[in-house]
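As a plain string of letters, each chain reads:
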Amino acid sequence: MTRVRKKDDGADVRKVTWVGLFWNAALSVAKFVVGVFGNSQALVADAIHSASDFATDIAVIVGSRYWNSPPDAEHPYGHRRFETLITIGIGLAVAAVGVGIGYNAVLGLLSGEGSHPEYIVAVMATASIVIKEILFRYTRAAGRKIRSQALEANAWHHRSDAFSSIPVLIAVVFAIVLPQLWFADSVGALIVAFFILHSAYEIAWPGVHQLADRGASAEIQDKLKGVALSHPKVISLHGFRSRYVGSDLHVDVHIVVDSLMTLKDAHDVAEEVEEMLIDSGENVVDALVHIDPFNPAKAHSKGIKTIDR
């Protein structure tokens, strides 16, 4: 028996992402203009980071229309892998930005040519920190509520932008207060690059695991096994497997029931266990339960333990 829960979070994902897209576009333009006229390499680098946020927002909006497509003949498990691919794509885009910013910062240090930022740069960096932190909290809360891997990845992209503005602010303040520290702004840009690369790793690596069919954690597996065993007619279970498809969890398990149970009763038990797994709160969208008749000798040879009722 198998039971599948339909999931369509596309509208919610797009609604939240459109908000981020608007602010990312506004921030990237504002920081670039202020960075150029305020003579700050670090803020220009931060503007490019915000522009990458804008690009990944578009990727999430477009991608959400694909990963919520219903299963078809060529994709019987649905299209949630698109969410994983987009998540990894976000991570790679962030990494590319980090490498580019770091490279330019190193060139600036090697050239020995420093910049002397204006006070407006510090004001812009402060505003960016506040706005991006608000966007992070808003997007992460929505991502957790609807269990969207891509939305949570995008939230952390917002947080990386907020963090990257902190060294920009510090470097600019030092450059303004101590003009003799000609390298302060370039060092700030280099620190931004390291923050961005770390963020890229945090975003992309979980997606790589999912493409390799990573299963649920031991803690979640134990919880789901306990859910199945809580059914009064389940004697034991074995062959428990799980894998993530996007942010969705697919589960299959063999449950052992009384060998004298009628086919209809066994069928009903399987359906009830499937429903329990889907309602477990662990984002299980597909549950496959196989029925095995209880055989004391076979159970002993396989090391299957029964539970007292």
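Notes on the structure in this doc start here. (Residues numbered from 1 in each chain as written. Predicted model: local features only at pLDDT ≥ 70, side-chain atom pairs only at ≥ 80, totals over all residues. Heavy atoms only, no water.)

Overview of helix α3 (residues 81–111)
The condition is simple: Only runs of H or I of at least four residues qualify as helices and only runs of E of at least two qualify as strands under DSSP, and these elements are numbered from the N terminus. Given a helix with a known number of residues, its expected span is that number minus one, times 1.5 Å.
Over its 31 residues, α3 extends 45 Å from the first C-alpha to the last, a length consistent with the 45 Å expected when each residue adds 1.5 Å. Positive phi appears at G112, one or two residues downstream of α3, with a value of about 75 degrees.

Regarding unusual backbone geometry
Stated formally: Each residue is assigned to one of three classes by its accessible area relative to the maximum for its type, calculated with a 1.4 Å probe on protein chains only: buried under 20%, partly exposed between the two thresholds, exposed over 50%.
If you check the backbone angles, N39 has positive phi at about 65 degrees while not being a glycine. Looking at N39, the relative accessible area reads 37%, which means it is partly exposed.

Thoughts on the pairing of strand β2 (residues 236–245)
Basically, it comes down to this: Paired strands, in this sense, are two strands between which DSSP finds at least two bridges.
Pairing geometry for β2 and strand β3 (residues 248–257), over 8 bridges, is antiparallel. Residue pairing in the sheet places L237 in a bridge with I255 of β3. Remark: 2 residues form the turn of the hairpin made by β2 and β3, two consecutive strands paired antiparallel; G246 in that turn has positive phi of roughly 65 degrees.

Overview of a nonpolar patch on the surface
For clarity, the cut-off: Each patch is assembled from residues with relative accessible area greater than 30% and no salt bridge, linking like charges that lie within 9 Å and nonpolar side chains (Val, Leu, Ile, Met, Phe, Trp, Tyr) that lie within 5 Å. Per-residue and other accessible areas follow the Shrake-Rupley method at a 1.4 Å probe size, with only the shown protein chains counted as cover for residues. Salt bridge, as used here, is a side-chain nitrogen of Lys or Arg placed within 4 Å of a carboxyl oxygen of Asp or Glu.
A cluster of nonpolar residues, F163, I166, I170, F174, F183, V187, I191 and F195, forms a patch on the protein surface that exposes about 630 Å² of accessible area. Broken down by secondary-structure element, the contributors of at least two residues to the nonpolar patch are α5 (149–177) and α6 (184–211). Of the residues forming the nonpolar patch, the biggest block, 4 residues, is contributed by α5. Within the fold, F195 resides in helix α6.

Re the environment of F32
You can see F32 is positioned in helix α1 (residues 10–37). Judged by its relative accessible area of 43%, F32 falls in the partly exposed class. Residues F32 and L43, spaced 11 residues apart in sequence, show a C-alpha to C-alpha distance of 6.9 Å.

Topic: the pattern of salt bridges
For the coordinates displayed, the defined rule picks out 4 salt bridges. Across the salt bridge formed by E282 and K223, the nearest N and O atoms sit 3.0 Å from each other. With E282 in the loop between α8 (263–278) and β4 (284–293) and K223 in helix α7 (residues 218–229), this residue pair connects regions lying 59 residues apart in the sequence. Under the relative-accessibility criterion, K223 is labelled partly exposed at 38%. Measuring nitrogen to oxygen at the nearest pair gives 3.1 Å for the salt bridge that ties D252 to R241. Separated by 11 residues along the polypeptide, D252 in strand β3 and R241 in strand β2 bring together distant segments of the chain. By relative accessible area, R241 is classed as exposed at 57%.

Topic: α6
The terminal C-alpha atoms of α6 lie 41 Å apart, and with 28 residues this matches the ideal 40 Å at 1.5 Å per residue to within 8%. Just downstream of α6 lies D213, where phi reads positive at about 60 degrees.

Here's the deal with the packing of aromatic side chains
Heads up, the rule is: Aromatic contacts are taken between Phe, Tyr and Trp rings whose centres are within 6.5 Å, Trp giving its six-membered ring; a plane angle under 30 degrees counts as stacked, one over 60 as edge-to-face, and the others as tilted.
Evaluated as defined, the whole model comprises 2 aromatic pairs. Centre to centre, the rings of F22 and W23 are 5.4 Å apart; their planes meet at 80 degrees, and the pair counts as edge-to-face. Seen in terms of ring centroids, Y201 and W205 are 6.1 Å apart; in terms of plane orientation they differ by 15 degrees. Their pairing is stacked. Of this pair, Y201 and W205 both sit in helix α6, 4 residues apart, which is roughly one turn of that helix. Note on W205: relative accessible area 42%, which makes it partly exposed.

Quick word on the environment of G100
Here G100 lies in helix α3. Note on G100: relative accessible area 28%, which makes it partly exposed. Residues G100 and I48, 52 residues apart in the sequence, show an inter-C-alpha distance of 9.6 Å.

Re the side chain of R14
Keep this limit in mind: We call two residues in contact when some of their heavy atoms are within 4.5 Å.
Along the chain, R14 falls in helix α1. The contacts of R14, once residues within four sequence positions are left out, are I61, S64 and R65.

Let's talk about the pairing of β4
Quick note on the threshold: Crossovers are marked right-handed if the path from the first strand over the helix to the second runs clockwise, as seen with the strands pointing away from the viewer.
Inspection of the sheet shows β3 paired to β4 by 9 bridges, in the parallel sense. The residue bridging H254 from the neighbouring strand is H290, located in β4. Between the parallel elements β3 and β4, the chain passes through α8 in a crossover that is right-handed.

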